[in-house]
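# Tertiary structure, described
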Amino acid sequence: MQAFPNISQIKYEGPKSKNPLAFKHYNADQKIDGKTMKDHLRFGVAYWHTFRGTGSDPFGPGTAIRPWDDGSNSVENAQRRVRVAFEFMEKLGAPFYCFHDRDVAPEGRSLKETNANLDAVVKVLKREQRRTGIKLLWGTANLFSNPRYVHGASTTCNADVFAFAGAQVKKALEVTKELGGQGYVFWGGREGYSTLLNTNMKRELDHLGKFLHMAVDYKKKIGFKGQFYIEPKPKEPTKHQYDSDAAACLNFLRQYDLLNDFKLNIETNHATLAGHTVQHDLLTAAAAGALGSVDANVGDAMLGWDTDQFPTDIYLTAQIMLVVLDMGGFKTGGLNFDAKVRRESFEPVDLFHAHIGGMDAFARGLKIAAAIRKDGRLAKFVQKRYASWDTGIGAKIEKGQVDFRALETYMLAKGEAARCVSGRQEMLENLINEFI
Ligand code: XLS
Ligand code: NI
Ligand code: NI
C-alpha cells in the first residue's frame, strides 16, 4: 500500500516547466563548482513537522489529513509512519532526514518501556534507510514536551528530572549512532526561564555545562563519530532561552570548555527572533570555525514567533549559500527543512509542494551565490575595502608589531589619517540584484 499513490518520483523538468510536482531548479546531479547540487545542499526532511505535524494551534485542533495515520499512540502506527516517511522522502529525492526520539516512537509507562518502543521503531528506520539509501543527518532528544520537563531538562530545579534527561539523551545517542547519524543536535527546549524571581541562573548554567560534558564523555565512550551541534533560539517556549543566539552559545561553550566538541546549527527563524539576520548568526558561527548545519525555514515578517515556514525567498537563500560556499561547504551538516505546511494546507500533496519549493529556492540560491563568487566583484570590493591592512601600518598592527606608542609616533609624523572612502552599499545591493 502506498501513502501517496498518485505521486511518482519528483523529477527535474527545468525552469520552463509548469508542473507543480516537478523541480524547476533543483537538479540533483548537476554540478556547480565541481560538486553536485545534492552534495552542496544536503537536504534533510524534519520528521517532527512533516510526519507528526497536525496543524493544531492554540485556537483549534489539527486539520491535517493523513490517511495512513490512525491517530493512536501504538508502536504499529509509528512503524507504519516510518514507511510512509521513507516513501515520501524517496519520491522527493531528499538524501537526509532528522528526528527527535519522541517523533518516531511513542513514550511508554516507564523509561524501560519507552526505550523498547524506540528500539522497535529504530529497526524499521534502519531497514528503510538501507532500502532507500536515505541517511540520518542528525538525531536529537525531545526534552521539552513531557510535563516532567516543565522547569527544563538539564537546567531544571529537580535533580531527578536532570537524571531522566541524561538517561534519555544516552539512549538517543545510542540510537543515532546505530542509524549512522552524521550529527546530533542539542536544542535547549525548555532550558531557560519564565521569571528570574525563582531562578538561580548560575546554578542552572553550571548544570547545563555538566550535562553537555556528560554527553561528550558518553559519545567518546560509545565511539559515536557524529558532530555535536547546539541550536540557538532566543525565546519560545521560555521567555528567555539560555542558548539565545550564536554569540551566546559560543560564549557558553567557551566558558564551559566545550568549544572543541560542538558546532552550531543555525535556524533562520531563530536568528530573526533574536533580532538578527540569519547571515549575522551564520557569520558569527563561521568566524569561530563553528558553523555546522542549518535549519532552513523562514518566519513571517509581520509575526513575532517561530512560524517555521518553508523558505521561498531566493534573496535569502542566496545569502545563506554565499556563507556556506565561502566556508567551503557543509561537512557533516546540511539544510534541514525545520518547516511546516500551514494549517490551511492540510492535504498530503501539500507536503510535496512545500519541500519542492524549498529545494528549488535553495537550488536557485546556490546558483546565484556561485555566480556572484565567480563574477568576483563583490569579494574584490570587500578585499579592497580593507587594503590599508595589507601593507604599512595596517600590516604591522595585524602582525602585532606595534603598540600605542608606535601608533602615536606614526600619526604625529603623518598629522591626519588617510581619507575614508564610500561604503557603496547601494551599488552593492544593485550588484546583487544583477544575479537574482
Ligand atoms: C524548535 C527547534 C527544534 C530543533 C530540534 O524551535 O527548531 O525543532 O530544531 O529540537
Ligand atoms: Ni530547529
Ligand atoms: Ni525552530
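Placed above this text is the structure.
Below, the structure is looked at part by part. Since this is a predicted model, take the numbers as computed values, not measurements.

### Some remarks on the site of ligand 1
Around ligand 1, the surrounding shell consists of Trp-48, His-100, Trp-138, Trp-187, Glu-231, Lys-233, Glu-267, His-270, Asp-295, Asp-306 and Asp-338. Side-chain polar atom of Glu-231 to an oxygen atom of ligand 1: 2.7 Å apart, as the coordinates give it. At 2.8 Å from an oxygen atom of ligand 1 is found a side-chain nitrogen or oxygen belonging to Glu-267. When the free accessible area of ligand 1 is taken as 290 Å², the share hidden by the protein chains comes to 94%. Here the shell around ligand 1 is built from residues that sort into three nonpolar, two polar and six charged.

### Details of the packing of aromatic side chains
Under the criterion given, the structure shown has 24 aromatic pairs. For the ring pair Phe-51 and Phe-88, a centre distance of 5.7 Å and an interplane angle of 80° mean the geometry is edge-to-face. Here the residue Phe-51 occupies a position in helix α2 (residues 47-52), and Phe-88 occupies one in helix α3 (residues 75-92), the gap between them amounting to 37 residues. Here Phe-51 matches Phe-88 in class, with each residue buried. Each ring, one from Phe-162 and one from Phe-211, has its centre 5.3 Å from the other, and the planes form 90°; the classification is edge-to-face. Taken together, the residues span a long stretch of sequence, with Phe-162 in helix α6 (residues 159-178) and Phe-211 in helix α7 (residues 201-222) at a distance of 49 residues. The two residues Phe-162 and Phe-211 agree in class, both being buried. Among the aromatic residues, ring-to-ring pairing joins Phe-4, Tyr-47, Phe-51, Trp-68, Phe-88 and Phe-352 into one connected group. Across the ring face of Phe-164, the terminal group of Arg-148 is positioned such that the distance to the ring centre comes to 3.6 Å. For Lys-219, the ring lying beneath its charged end belongs to Phe-228, and the centroid distance is 4.7 Å.

### Some points on helix α8 (residues 246-255)
Three or more residues of α8 are buried, namely Ala-246, Cys-249, Leu-250, Phe-252 and Leu-253. End-on view of α8: buried residues confined to an arc of 160°, all on one side of the axis. Exposed positions of α8 whose direction lies more than 90 degrees from the buried face are Arg-254 and Gln-255. Where the residues of α8 are buried, they touch α7, β10 (227-231), β12 (262-267) and α10 (278-287). A positive backbone phi angle near 55° is found at Asp-257, which sits one or two residues after α8.

### Examining the coordination of the nickel ion (ligand 3)
The protein atoms donating to the nickel ion (ligand 3) are Glu-267 (OE), His-270 (NE2) and Asp-306 (OD), with metal-donor distances spanning 2.1 to 2.5 Å. On the primary sequence, the residues serving as donors to the nickel ion (ligand 3) are separated as E-x2-H-x35-D. When its relative accessible area of 3% is taken as the criterion, His-270 is described as buried.

### Brief notes about the packing of α8 against α10
Where α8 meets α10, the closest approach of the two axes is 9 Å, and the angle between their N-to-C directions is 25°. In this view, α8 runs roughly parallel relative to α10, as classed from their interaxial angle. Note on element contacts: α10 touches α8 through Asp-281, Thr-284 and Ala-285, opposite Ala-246, Ala-247 and Leu-250. Residue composition of the contact of α8 with α10, grouped by class: four nonpolar, one polar and one charged.

Calculation criteria
Residues numbered from 1 in each chain as written. Chains lettered and ligands numbered in written order. Predicted model: local features only at pLDDT ≥ 70, side-chain atom pairs only at ≥ 80, totals over all residues. Heavy atoms only, no water. Near = heavy atom within 4 Å. Polar contact = N/O pair within 3.5 Å; in protein donor to acceptor, adjacent residues only side chain to side chain. Areas by Shrake-Rupley, 256 points an atom, 1.4 Å probe, with all protein chains shown as cover. Nonpolar A, V, L, I, M, F, W, Y, C, P; charged D, E, K, R; others polar. Phe/Tyr/Trp six-rings, centres within 6.5 Å; stacked < 30°, edge-to-face > 60°. Helix = DSSP H or I, 4+ residues; strand = E, 2+ residues; numbered from the N terminus. Buried < 20%, exposed > 50% of the residue type's maximum accessible area, 1.4 Å probe, protein only. Lys NZ or Arg CZ within 6 Å of the ring centre and 35° of its normal. Arc of directions from axis to C-beta. Contact = heavy atoms within 4.5 Å. Donors = N, O, S within 2.8 Å, 3.2 Å for Na, K, Ca; no water. Axes fitted to C-alpha atoms, helices over the stretch in contact; angles between N-to-C directions. Parallel < 35°, antiparallel > 145°, perpendicular 65-115°, else oblique.

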